[in-house]
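# Structural overview for review
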Amino acid sequence: AQSVTQLDSQVPVFEEAPVELRCNYSSSVSVYLFWYVQYPNQGLQLLLKYLSGSTLVESINGFEAEFNKSQTSFHLRKPSVHISDTAEYFCAAVPPGGYQKVTFGTGTKLQVIP
Amino acid sequence: KAGVTQTPRYLIKTRGQQVTLSCSPISGHRSVSWYQQTPGQGLQFLFEYFSETQRNKGNFPGRFSGRQFSNSRSEMNVSTLELGDSALYLCASSPEGVGTDTQYFGPGTRLTVL
């Protein structure tokens, strides 16, 4: 079984400042890793995912995450945040293979301060 | 393509009642997963349906059940409601299921149990 830990429940940051949202996973097998974003009163949207290959993955809106196997981490970063990035961010893990369950972290609320 | 739709968006019930929630996936998607989201527990996996068969199930009591129809639409039923069932219920669809597929989430049904 795997578990996903998001160490920060809330992260306030000033607009145009950099941000890092932390995610650590625990699993006895390799996993696929995902970051989802949830805007107020909406469902989740996929931000980016790591399946294999390059350990650095990027999203279209400037976020990136790096898979670090030795530290079992998949931290999400953005060099300069905007007000519109205010949302809740969820890290998730799924073991490869068919018929697997996805495990979500408890979420990190990013509050961008003008 | 139209996104994932969930009905109703809001629901108020009293303890002991039962409730049925509906989810219409994106056209062509055969997998529908259900999640319960609460402030304390975060996102928890309920079950996944694929081609009318339950393929995976989370750790929820038998009061939580679901089904999927031949057109891939899915319903979730909760019987004998408890106060602790108050939550946002999200469904997500994908072409083949949890794993490498991106899951597309609906806006959720907010259930309040009084």
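Up top is the structure these notes are about.
A short tour of the structure in this document, coming up. Just so we're clear, the structure is a prediction, and the values are computed from it rather than from any experiment.

Attention now moves to the overall build of chain A. Each helix and strand in chain A was counted, giving zero helices and 12 strands. For chain A, the succession of helices and strands along the chain, N to C, is β-β-β-β-β-β-β-β-β-β-β-β. For chain A, whose C-alpha radius of gyration is 14 Å, the value lies close to the compact-globule estimate of 13 Å for 114 residues. Once the C-alpha set of chain A is aligned to its principal axes, its extents read approximately 45 × 30 × 25 Å. In chain A, which comprises 114 residues, the share counted as buried stands at 46%. Long-range contacts, defined here as pairs at least 24 residues apart, represent 56% of the contacts in chain A between residues at least 6 apart. Looking at chain A as shown, the accessible area adds up to about 5700 Å², and 50% of this sits on carbon and sulfur atoms.

For the bond running from Thr7 of chain B to Pro8 of chain B, omega is -10°, close enough to zero to count as cis. With respect to the helices and strands, Pro8 of chain B occurs in the loop between β1 (5-7) and β2 (10-13). Of note, Glu16 of chain A is a non-glycine position whose phi angle comes to about 75°, a positive value. Backbone geometry places Ser51 of chain B, a non-glycine residue, at a positive phi of 45°.

Counting from both sides, the interface comprises 20 residues of chain B and, opposite them, 19 residues of chain A. Summed over both partners, the interface of chain B with chain A comes to about 1700 Å²; 57% of that surface belongs to carbon and sulfur atoms. The interface formed by chain B and chain A includes zero salt bridges. The interface formed by chain B and chain A includes three residue pairs in polar contact (both at pLDDT 80 or more). Elements supplying a minimum of two residues to the side of chain B that touches chain A: β4 (31-38), β5 (42-50), β6 (53-57) and β9 (87-94) of chain B. Per-class residue counts for the side of chain B that touches chain A are eight nonpolar, eight polar and four charged.

Residues and elements named next belong to chain A. Scanning the entire structure with this criterion turns up 10 salt bridges over all chains. A salt bridge links Arg22 to Asp8; its shortest N-O distance comes to 3.0 Å. Here Asp8 lies in the loop between β1 (3-5) and β2 (10-14) and Arg22 lies in the loop between β3 (19-21) and β4 (24-26), a separation of 14 residues in the sequence. Of the residues examined, Arg22 reaches a relative accessible area of 31% and is grouped as partly exposed. For Asp8, a relative accessible area of 19% puts it in the buried group. Asp85 is the salt-bridge partner of Lys78, the closest N and O atoms lying 2.9 Å from each other. Of the two residues, Lys78 and Asp85, neither departs from the other in class, the shared state being buried. Among the charged side chains, a salt-bridge network with shared partners connects Glu20, Glu66 and Arg77.

In this section: the environment of Asn24 of chain A. Residues and elements named next belong to chain A. Along the polypeptide, Asn24 turns up in strand β4. Looking at Asn24, the relative accessible area reads 23%, which means it is partly exposed. The spacing of Asn24 and Ser52 is 28 residues in sequence and 17 Å in space, taken between C-alpha atoms. Sequence-distant contacts of Asn24, that is, excluding residues within four places in its chain, are made with Ser3, Val4, Thr5, Leu7, Gln71, Thr72, Ser73 and His75. Polar contacts involving the side chain of Asn24 include one to the main-chain carbonyl oxygen of Gln71, which spans 3.3 Å. Among the polar contacts made by the side chain of Asn24, one reaches the main-chain carbonyl oxygen of Thr72 at a distance of 3.4 Å.

Procedures and definitions
- Residues numbered from 1 in each chain as written.
- Chains lettered and ligands numbered in written order.
- Predicted model: local features only at pLDDT ≥ 70, side-chain atom pairs only at ≥ 80, totals over all residues.
- Heavy atoms only, no water.
- Helix = DSSP H or I, 4+ residues; strand = E, 2+ residues; numbered from the N terminus.
- Rg over C-alpha atoms; globule rule 2.2 N^0.38 Å.
- Buried < 20%, exposed > 50% of the residue type's maximum accessible area, 1.4 Å probe, protein only.
- Contact = heavy atoms within 4.5 Å.
- Areas by Shrake-Rupley, 256 points an atom, 1.4 Å probe, with all protein chains shown as cover.
- Buried area = accessible area lost by both parts, 1.4 Å probe.
- Salt bridge = Lys/Arg side-chain N within 4 Å of Asp/Glu carboxyl O.
- Polar contact = N/O pair within 3.5 Å; in protein donor to acceptor, adjacent residues only side chain to side chain.
- Nonpolar A, V, L, I, M, F, W, Y, C, P; charged D, E, K, R; others polar.

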